[in-house]
Amino acid sequence: MTSFSVSRLYSRLLPFCLWAFLGLWLALGGSFIAVYATESAAISSVTVDSNQSLLQTGITAFQSQRYREAIATWETALAQSPETPYNLNRALLLSNLSLAHQHLGELAKADLYVTEALRLFAHTFEEEGSDRHSLLDWEYYAKALNAQGWLQWRQGNLDQALEAWQQSTVAYDNAAYQPGVIGSLLNQAKVLQTLGLSRETEETLLKTQTLLDAQSDPQLKSLGLRSLGIAYRQLGKLEQSITALTDGLQHLEVQLQPTNLTATQASLFLELGNTERARWTLTSAINPTVAPQHRDDALNCYHQAASIAPSTLAQLQADANELSLYIDVLRQEDRGIELNIGSEAVGTCPLSSDIKGAASLGWISGQWQHIQASLAQLPPSRAAIELQLNVVNSLTKLRGTLSESELLEPTWAEMGQALAIAVDQATQLDDGRTASYAMGQLAHIYERNGQWANAQSLTKEAIRLIEAKDIQAEDILYRWEWQLGRILAKQGKRERAIAAYDSAYKTLKTIRGNLISINADIQFSFRDNVEPIYREFADLLLQADSGYPDIYQANLKRATEVIDDLQLAELENFLGCNLSSRLQLSERTVDPTAAIIYPIILSDRIEVILKLPNTSKLYQYTQFVPASEVDDTLKQLLFELGRPYRSPEGKALGQQVYDWVIKPLKRDLKTAHIKTLVFALDGSLRSIPMAALYNEETVGNETTRTYLIEEYALAITPGLNLIEPQPLKQISLDTLAFGLSQLRKDFPIHEGFLSLPYVENELDEIQNYVSIESFLNQAFTVSTLEEQTQASSFPILHLATHGQFSSDPSETFILTWDKRVGVNQLSNILRQRDQRTLKPIELLILSACQTATGDNRAALGLAGVAVQSGARSTIATLWTVDDISTADVMSALYKELSKTDVNLTKAEALQRAQVQLLQQNVPPQYWAPYILIGNWL
């Protein structure tokens, strides 16, 4: 996705003609302005006509995102409204003013206004019963509570936002105002998801769906379904989003007023295109065969929305989305693409099922001219300015893909001129946030052209606009701090660049927990807009001069902290929730025989940071090898490891990775008497089982050939601040087990999977070593899993069933007899058990899972399950293993775990089980993919 949020930008703007529906639309698009003009005239006898006229004028300005104009108008109306204890007109204006200031990032002023609005209701609504108030009383009270919820949300106060929206739901219900109830419920769902409360999120969404199903008005139902579709997309539930938006279109078959019908249809097509685009983004890497269909569907939806849009701005929004997606598709294709310059007419997207033969830069240039000409006819507004920024941003990215000679227009100068006009318009509107956004984008044009002085000056001005006006806009501030760091680094000003990156890193850290809530589509553009900051910052820190030991060590330590935070940010992005409440590793509990290794893949090298126990000193090892070569090597190694035999190519590739990551460390590991290696793996390395790294070494006349698992016990950490080591021998080994040895015929949920007949043998073998209670096949249902995990406090949960892990949360699940249990549902079930027993699961075993082939971020799904489950440790496989071998490994694992004559850690027990198969000359395919995530003790 582009760095400008497509759904967030456009969902605010489409015009709807019925005031009764405007509240619902604004509530879910990011603004819930308190309007119901047809009823407010009866509230106050003081200057009713003038107040209502000013209220309406402000609403019109607010709709066009001319927030400063709306504020001035409403402040005039407020001055004419008496400060009486119970003045609903005044409360309404105060709520509106709060929302307008929120959009400008002026949260302190917004707080003052909403606090005053709620004060007017304090005595009558907090102390008296609901029967004392009219429907309109309750509605206006709900609107004030809703404004308070948005303020708390924007400040990152999630619990307070949830409470405010829960109260607004009750108030809207008392007002019998269904659009408000639906909007508040969806706002609650957003907070609940961000808090990681997946079960409550699902229940809230189902309640919303039930309310929409009961609606008889097709227009209201369609608008509600549109909002529900947006909410589902923002929560990463793309299939449900498609269903809701499609249903919304179907309900419009009932004939209504043509203007309303067209506007609503256009908005639904636009959002349907946004969701299809999100599906294309996710499936491009993991399922390239279906990705083109999502791409085409998105483009078709945008084209349809533009063709029926009732206003110029609505049409341009669809046109800009179509252009942006088309450019992203071009950037994703090979550089050998044939481009038919100037061959296509404006308005006809030159895309067929094979984009390589149909791409046309002439169409792009024509769209640019069309959008510029249309924007010139519109009055200045935040909506028009952000649309311009979106278009220029997309074209800037395209210029990074094509040579200067290929893209005829717009030129850098033309794009710069368009941005300069945008800066001027934002300044005229006194919209500091938008002015900063435009100024920073203009600075980026200079950055791309290597005009460092201008780029640096304008970037600093973009930052100053936020800081000088005391605007809370961290979601764009971190981008300009990052941009300043890049500009300084390009000029060789490393120390100043580090300071700028440090500012960006700190700003991002303050909002990371609710970054998706600030910009929901960030989860689809994480690698463009968030991940590079961590990597580039770490890159600069790791260039430290070792001649200054104190500074050098401080920079190494900071680099490991940055990479740990990247691991956490990736998981939060994947799961769509805040993990800040997780436990942090205590230095006092570190294993004295374990070393922590950070292999960091940078553009031109691999940096390996080693942390040994009982010392604060860090060690750095650098291997100069391009990232592209690293990725190619890892892909080939993964392919070779999947062969059912030992291949010379696999050993050679395993040796290469060993030489990059392990060999430089060997002397220090030996000196420290290390027995366990704990990896914080980066990028494509997460898809590789470290156990299969191979080393052939000749010392004198003796040659040794070993796999890494023969030298060390191994573990993976998804981030040191997410685990709490605890020795295994402090717990019992009682096991609760579920298995699926059979699959149901003609059952869609089980299609594509093979039966696992040796699962029963696996569980039978396990009970030779530990006390076990097991549930097989028909007994392994979702309800049974939930009931048994909550009714018991077994420290080990063993799931012998198919599991699939992907970078797409919707494709991350385990298989039961009756359902596929997604990562969030599974975590809900297991965390409910923790809340009841106060004992976390010590060891979660997933003995037949696999990560999606070709998806180098699929390991996030596995790490997500490990972290969200609340289990201290998780043992799983990176690919599906023959179930006979699985039974052997699991039997050996439990045998080692149950030994009382030796003090083994979980990592060492798994090591012995794997080595047992290796020594039987079993190929790596069958023993290598088992990994231990989390607490290795």
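Residues numbered from 1 in each chain as written. Predicted model: local features only at pLDDT ≥ 70, side-chain atom pairs only at ≥ 80, totals over all residues. Heavy atoms only, no water.

Any details on the overall build of the chain? Residues and values, ideally.
When its secondary structure is counted, the chain shows 38 helices and 15 strands. Counting all 937 residues of the chain, 63% fall into the buried class. Pairs at least 24 apart in sequence give 72% of the contacts found in the chain among residues at least 6 apart. Accessible area for the chain stands at about 34,600 Å²; split by element, carbon and sulfur atoms hold 48% of it. (Helix = DSSP H or I, 4+ residues; strand = E, 2+ residues; numbered from the N terminus. Buried < 20%, exposed > 50% of the residue type's maximum accessible area, 1.4 Å probe, protein only. Contact = heavy atoms within 4.5 Å. Areas by Shrake-Rupley, 256 points an atom, 1.4 Å probe, with all protein chains shown as cover.)

Please set out the nonpolar core residue by residue, giving values where relevant.
Core analysis: the largest hydrophobic core is formed by 205 residues, its most contacted members being Ile-364, Leu-677, Phe-679, Leu-708 and Leu-846. Ranked by the residues each element gives to this core, the list is headed by helix H27 (residues 549-575), at 11 residues. Beyond its immediate stretch of four places on either side in the chain, Phe-679 contacts Ile-597, Pro-599, Val-661, Ile-662, Met-690, Leu-708, Leu-714, Ala-715, Ile-716 and Thr-717. Of all hydrophobic cores here, the second largest spans 51 residues; its members include Tyr-67, Leu-104, Phe-121 and Tyr-172. (Core = buried A, V, L, I, M, F, W, Y, C linked by side-chain atoms within 4.5 Å.)

Go over the packing of helix H5 (residues 67-79) against helix H6 (residues 88-103), please, and point to the residues and values.
When two helices pack together, their arrangement is given by the angle between the helix axes and by the axis-to-axis distance. Interhelical geometry of H5 versus H6 gives an angle of 155° and a closest axis separation of 10 Å. Classified by the angle their axes make, H5 and H6 are roughly antiparallel. When the axes of H5 and H6 are compared, the crossing they make is left-handed. Within the contact between the two elements, H5 uses Tyr-67, Arg-68, Ile-71, Trp-74, Glu-75, Ala-77 and Leu-78 and H6 uses Arg-90, Leu-93, Leu-94, Asn-96, Leu-97, Ala-100, His-101 and His-103. (Axes fitted to C-alpha atoms, helices over the stretch in contact; angles between N-to-C directions. Parallel < 35°, antiparallel > 145°, perpendicular 65-115°, else oblique. Left-handed = near helix turned anticlockwise from the far one by under 90°.)

Requested: an account of the pattern of salt bridges, with residues and values cited.
For the coordinates displayed, the defined rule picks out 37 salt bridges. Linking Glu-607 and Arg-605 is a salt bridge whose minimum nitrogen-to-oxygen distance equals 2.7 Å. On the basis of relative accessibility, which here comes to 2%, the residue Glu-607 falls in the buried class. Look at Arg-605 and you get buried, because its relative accessible area is 5%. With a closest N to O distance of 2.7 Å, Lys-906 and Glu-842 form a salt bridge. Of this pair, Lys-906 sits in helix H37 (residues 906-918) while Glu-842 sits in the loop between helix H34 (823-837) and strand S13 (843-851), and the two are 64 residues apart along the sequence. Salt bridges sharing partners connect three or more residues here, namely Asp-502, Lys-506, Lys-557, Arg-558 and Glu-561. (Salt bridge = Lys/Arg side-chain N within 4 Å of Asp/Glu carboxyl O.)

Would you mind going over the environment of Met-439 in detail, with residue names and values included?
By secondary structure assignment, the location of Met-439 is in helix H20 (residues 432-448). Once the C-alpha coordinates of Met-439 and Leu-419 are considered, the two residues, 20 residues apart in sequence, prove to be 7.5 Å apart. Contact partners of Met-439, with chain neighbours within four places excluded, come to Val-423, Leu-458, Glu-461, Ala-462 and Leu-465.

Describe the side chain of Arg-382, with residues and values.
The topology assignment puts Arg-382 in helix H18 (residues 382-399). The exposure class of Arg-382 is buried, given its relative accessible area of 2%. Of note is the side chain of Arg-382, whose polar atom sits 3.0 Å from the side chain of Thr-434. (Polar contact = N/O pair within 3.5 Å; in protein donor to acceptor, adjacent residues only side chain to side chain.)

Which residues make up the packing of aromatic side chains, and what values do they have?
Across all of its chains, the model carries 17 aromatic pairs by this definition. On the basis of an interplanar angle of 35° and a centroid distance of 6.0 Å, the ring pair of Phe-62 and Trp-74 is categorised as tilted. Of this pair, Phe-62 sits in helix H4 (residues 48-63) while Trp-74 sits in helix H5, and the two are 12 residues apart along the sequence. Across this residue pair, the class does not change: Phe-62 and Trp-74 are buried. Summarising the aromatic geometry, the rings of Tyr-501 and Phe-537 are spaced 6.2 Å apart at their centres and angled 10° between planes, so their arrangement reads as stacked. With Tyr-501 in helix H23 (residues 494-511) and Phe-537 in helix H26 (residues 531-541), this residue pair connects regions lying 36 residues apart in the sequence. The burial state of Tyr-501 is the same as that of Phe-537; both residues are buried. (Phe/Tyr/Trp six-rings, centres within 6.5 Å; stacked < 30°, edge-to-face > 60°.)

So what's going on with H37? Residues and values would help.
Taking 1.5 Å per residue as the helical rise, H37 with its 13 residues ought to reach 18 Å, and the 18 Å between its terminal C-alpha atoms agrees with that figure. Burial in H37 covers these residues: Lys-906, Ala-907, Glu-908, Ala-909, Leu-910, Gln-911, Ala-913, Gln-914, Val-915, Leu-917 and Leu-918. (Expected span 1.5 Å × (residues − 1).)

Could you give me a rundown of a negative patch on the surface, with the residues and numbers involved?
A cluster of like negative charges, contributed by Glu-760, Asp-764, Glu-765, Asp-882 and Asp-888, occupies part of the molecular surface. A total of three residues in the negative patch trace back to one element, the largest contributor, which is helix H32 (residues 759-766). Positionally, Glu-760 belongs in helix H32. (Patch = residues over 30% accessible without salt bridge, like charges linked within 9 Å, V, L, I, M, F, W, Y side chains within 5 Å. Lys, Arg positive; Asp, Glu negative; His and termini not counted. Charge placed at Lys NZ, Arg CZ, Asp CG, Glu CD.)

So what's going on with the pairing of strand S2 (residues 606-611)? Residues and values would help.
Among the six residues that make up S2, six are buried, leaving the element largely enclosed by the rest of the structure. Here S2 pairs with strand S3 (residues 618-623) via six bridges, running antiparallel. Across the sheet, the residue bridging to Lys-611 is Leu-618, located in S3. Between S2 and S3, which follow one another and run antiparallel, lie six residues, and Asn-614 among them has a positive phi close to 65°. (Pairing = 2+ DSSP bridges.)

So, the environment of Tyr-141: which residues are in play, and what are the values?
Along the chain, the position of Tyr-141 falls in helix H8 (residues 135-154). When its relative accessible area of 8% is taken as the criterion, Tyr-141 is described as buried. In this structure, the C-alpha to C-alpha distance between Tyr-141 and Phe-121, residues 20 residues apart in sequence, is 6.9 Å.

A description of unusual backbone geometry should follow, citing residues and the corresponding values.
Across the chain, the bulk of peptide bonds are trans and the bulk of non-glycine residues have phi less than zero. Despite not being glycine, Ala-176 has its phi angle at roughly 55°, a positive value. Inspection of the secondary structure assignment puts Ala-176 in the loop between helix H9 (158-174) and helix H10 (178-194).

Report on the confidence of the model for the chain, specifying residues and quantitative values.
Here the chain averages 83 in pLDDT, while 84% of its residues score no lower than 70. Of all helices and strands in the chain, the one with the weakest mean pLDDT is helix H3 (residues 37-40) (25), whereas helix H31 (residues 708-711) scores best (97). Contacts of residues 334-348 to residues separated by more than four positions or lying in other chains number 40 contacts, the stretch itself having pLDDT below 50. Every residue in residues 351-358 scores below 50 in pLDDT, and together they form 23 contacts with partners more than four places removed in sequence or on other chains. (pLDDT = per-residue confidence, 0-100.)

Before we move on, can you summarise helix H17 (residues 361-375) with the specific residues and values?
The end-to-end C-alpha separation of H17 is 21 Å, in line with the 21 Å expected for 15 residues at 1.5 Å each. Across the 15 residues of H17, 12 count as buried, placing the element largely inside the fold. Those residues of H17 that sit buried are Leu-361, Gly-362, Trp-363, Ile-364, Ser-365, Gly-366, Gln-367, Trp-368, Ile-371, Gln-372, Ser-374 and Leu-375. Taken together, the buried residues of H17 touch helix H16 (312-332), H18 and helix H19 (412-428).

An account of the pairing of strand S9 (residues 772-776) is requested, with residue identities and associated values reported.
For strand S8 (residues 735-739) and S9, the ladder comprises five bridges, and the chain directions are parallel. Paired with Gly-739 across the bridge in S9 is Leu-776. The parallel pair S8 and S9 is bridged by H32, and the resulting crossover is right-handed. (Right-handed = clockwise from strand over helix to strand, strands pointing away.)

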